[in-house]
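Observations on chain architecture
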Amino acid sequence: MIPGKRSVAATALVVLAGAGMLWWGTDGFSAFTAETARRIEILRSPRALPATVLEDQDGRTFSLQDYHGRLLAVEFIYTRCTTLCRSMGMAFKQIRERVPQQVLGRDFALLSISFDPVRDDPASLKGYGQTYGADGTDWRIARVRNAAELKPLLEAFGIVVIADGMGGFEHNTAIHLIGRDGRLKQISDIDEPQAFADRIATWL
Amino acid sequence: MAVRHPLSRPAATGPGALYLLLATPAARELLEATMSAHMLLQIPLLTAAGFLACRLLPEYWQGRLLAAAGGALPCVLLALFASSYWMLPRALDAALANPLAEVAKFISLPVLVGLPLALAWRRLSAIGRGFVWTNFISMLAVLGWLYIAAPLRVCNSYLVNQQESAGWLMVKLAVLLFFWWLGALFVGGSPLPPESGAADSGN
């Protein structure tokens, strides 16, 4: 009934197309999760970031663009967080301690941004900073000034925040490095602060 | 030979109605709210809609389509590849974050998984069906185990405890399906999946 050639050709076509699609869909079998995909994409093409107006723990306003010409490490947090943000805060603390101290603030800075601007007022931001030894200058804790600007900012970074049903949030955690040109250039895990500090040192 | 399919009107509109129901915002919101419902209800139901829709085609057209596709093997492989894609955690996230990916899911699952599987199923030998079943069951079990054991959240859009409960559900389902399939193998002629196609293929 069915000629064998047709079956062989169709099988080959399906296998090729199927394998190709899976290859494409996983960035060459390397990214099976959206989180890995986000990191690979940033490495491949550093991304411009919106000029969001931020407000720090002392009520001063600024934007990411103010850091132009410096390297900037960014993390996303909410101050009531008791799980992942704690490890992230610790990771930032270690990075701050391990990068060459003379460049802090001049050529490298740290920034924690809260994605819960309604509840995280400057006072709570300050409290969070004090917990981890942030000085408020080289390492600032901030929130968006205008809540409407939060979504575009999170989208640009690729941060997904979902309510956990108990008043808190779950979110993807990582250390984001913004280059001197103001583009997001690298996203790394929070469990390797030493490696991150070493990389910073080589880029200074 | 090529007589009109003796199906009543309600039966004929079933898969279409199922599909439209699944596409409503309410059903999407409900079934995509948890990882378990997304993976174990919405995706299988979309596939089933395609499978059942194929069965509504006149026998003659099913045969023509199968011949045009090059027989049962390419059909099974097509279903395998397309369903594998939607098992990627990344694909689930994409479907939630990107409307285009959601549309792709709603088209590819019925057309590239359900339909080719329905076309191929009746032509598959016992070994062919065994392959499809064991492959599906093992994929389910392995994926479920990965979700339980993964030290990190695989989907940015779902809570980590949802990942674990989806994992356990998958493992339980795999065990259940395995024994169901095993039972069907040994209890010949029972109306269970591997045998059912053979039993009604003469209609």
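Only a predicted model underlies this, so the values are computations on that prediction, with no experimental measurement involved. (Residues numbered from 1 in each chain as written. Chains lettered and ligands numbered in written order. Predicted model: local features only at pLDDT ≥ 70, side-chain atom pairs only at ≥ 80, totals over all residues.)

1. Topic: the interface of chain B and chain A
Between chain B and chain A, the residue contacts involve 22 residues of the former and 25 residues of the latter. Every element with two or more residues in the side of chain B that touches chain A is listed here: α4 (59-69), α5 (72-85) and α6 (89-97) of chain B. Looking at which element gives the most residues to the side of chain B that touches chain A, the answer is α5 of chain B, with 7 residues. For the side of chain B that touches chain A, the class distribution of residues is 15 nonpolar, 5 polar and 2 charged. (Contact = placed C-beta atoms within 7 Å. Helix = DSSP H or I, 4+ residues; strand = E, 2+ residues; numbered from the N terminus. Nonpolar A, V, L, I, M, F, W, Y, C, P; charged D, E, K, R; others polar.)

2. Concerning the packing of helix α3 (residues 35-56) of chain B against helix α9 (residues 160-186) of chain B
Axes are the key here: two packed helices are described by the angle between their axes and the distance separating the axes. All names here are of chain B. For the pair α3 and α9, interaxial distance at closest approach is 8 Å and the crossing angle is 30 degrees. For the element pair α3 / α9, the angle class is roughly parallel. Residues M35, S36, M39 and L40 of α3 lie in contact with α9, whose contacting residues are Q162, Q163, S165, A166, L169 and L173. (Axes fitted to C-alpha atoms, helices over the stretch in contact; angles between N-to-C directions. Parallel < 35°, antiparallel > 145°, perpendicular 65-115°, else oblique.)

3. As for the nonpolar core
Counting 48 residues, the largest nonpolar core has C75, A79, L117, L119 and A120 of chain B as the members making the most contacts within it. Listing elements by their share of this core, those giving two or more residues are α1 (4-25) of chain A together with α3, α4, α5, α6, α7 (99-121), α8 (126-149) and α9 of chain B. Look past the residues within four positions of A79 of chain B in its chain and what remains in contact with it is L112, V113, P116 and L117 of chain B. Core analysis: the second largest hydrophobic core is formed by 39 residues, M88, I95, L110 and I187 of chain A among them. (Core = buried A, V, L, I, M, F, W, Y, C linked by C-beta atoms within 7 Å. Buried ≥ 20, exposed ≤ 12 C-beta atoms within 10 Å, placed from the backbone.)

4. A few points about the domain arrangement of chain A
All names here are of chain A. Taken as a whole, chain A is organised into domain 1 (4-43) and domain 2 (47-203). Averaged C-alpha coordinates put domain 1 and domain 2 at centres separated by 35 Å. With 5 residues of domain 1 in contact, the opposing surface of domain 2 contributes 7 residues. Grouping the amino acids of the side of domain 1 that touches domain 2 by side-chain chemistry returns 2 nonpolar, no polar and 3 charged. (Domains from an automatic or database assignment.)

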